[in-house]
Amino acid sequence: SMILVIAFIVAGSGRGCSSRDDVTARVNLVSTALQQAAAQGKIKIEDLASGIRRLNEGATAYDASKDHQAYCDALDRLRDEFKLGA
């Protein structure tokens, strides 16, 4: 499991998104980081809920636009905002 997270970090950090697989990896990275931050008490449960809601809103927009990079950029902003560092 930890190896998988590290693979997402390597695949997701500071790289472009050019496919649905890239987007999926970035979503997994950010959602896992959000859940871990909440479990460790670094963010509030309300923040976790807000983050997940924004992931879902982004996914809805992505399904409509198919703009891989725009969704990855939004995920990166979310990650930075919550200071997830992943």
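Right, let's walk through the structure included here. (Residues numbered from 1 in each chain as written. Predicted model: local features only at pLDDT ≥ 70, side-chain atom pairs only at ≥ 80, totals over all residues. Heavy atoms only, no water.)

So, on to the pattern of salt bridges. In this structure the tally under the stated criterion is four salt bridges. We note a salt bridge from R54 to E81, for which the minimum N-O separation is 2.9 Å. Taken together, the residues span a long stretch of sequence, with R54 in helix α3 (residues 45–65) and E81 in helix α4 (residues 68–81) at a distance of 27 residues. For R54, a relative accessible area of 31% puts it in the partly exposed group. Here E81 falls in the partly exposed class, since its relative accessible area comes to 47%. (Salt bridge = Lys/Arg side-chain N within 4 Å of Asp/Glu carboxyl O. Helix = DSSP H or I, 4+ residues; strand = E, 2+ residues; numbered from the N terminus. Buried < 20%, exposed > 50% of the residue type's maximum accessible area, 1.4 Å probe, protein only.)

Our focus in this paragraph is the state of the cysteines. The tally for this structure, following the rule as stated, stands at one disulfide. Shown here is the disulfide that connects C17 with C72, its sulfur atoms set 1.8 Å apart. In this structure, the disulfide formed by C17 and C72 twists by about -85 degrees around the S-S bond and is classed as left-handed. Note that C17 is positioned in the loop between α1 (2–12) and α2 (20–39) and C72 in helix α4, a separation of 55 residues in sequence. With a relative accessible area of 0%, C72 lands in the buried category. (Disulfide = S-S within 2.5 Å.)

Taking 1.5 Å of rise per residue, the 14 residues of α4 would be expected to cover 20 Å, and the 20 Å separating its terminal C-alpha atoms lies within 8% of that figure. Where α4 is concerned, the buried positions are Y71, C72, L75, D76, L78 and R79. Angularly, the buried residues of α4 cover 160 degrees about the axis, an arc narrow enough to put them on a single face. In this structure, α4 carries R77 and D80 as exposed residues pointing more than 90 degrees from its buried face. Directly after α4, the chain includes K83, whose backbone phi takes a positive value near 50 degrees. (Expected span 1.5 Å × (residues − 1). Arc of directions from axis to C-beta.)

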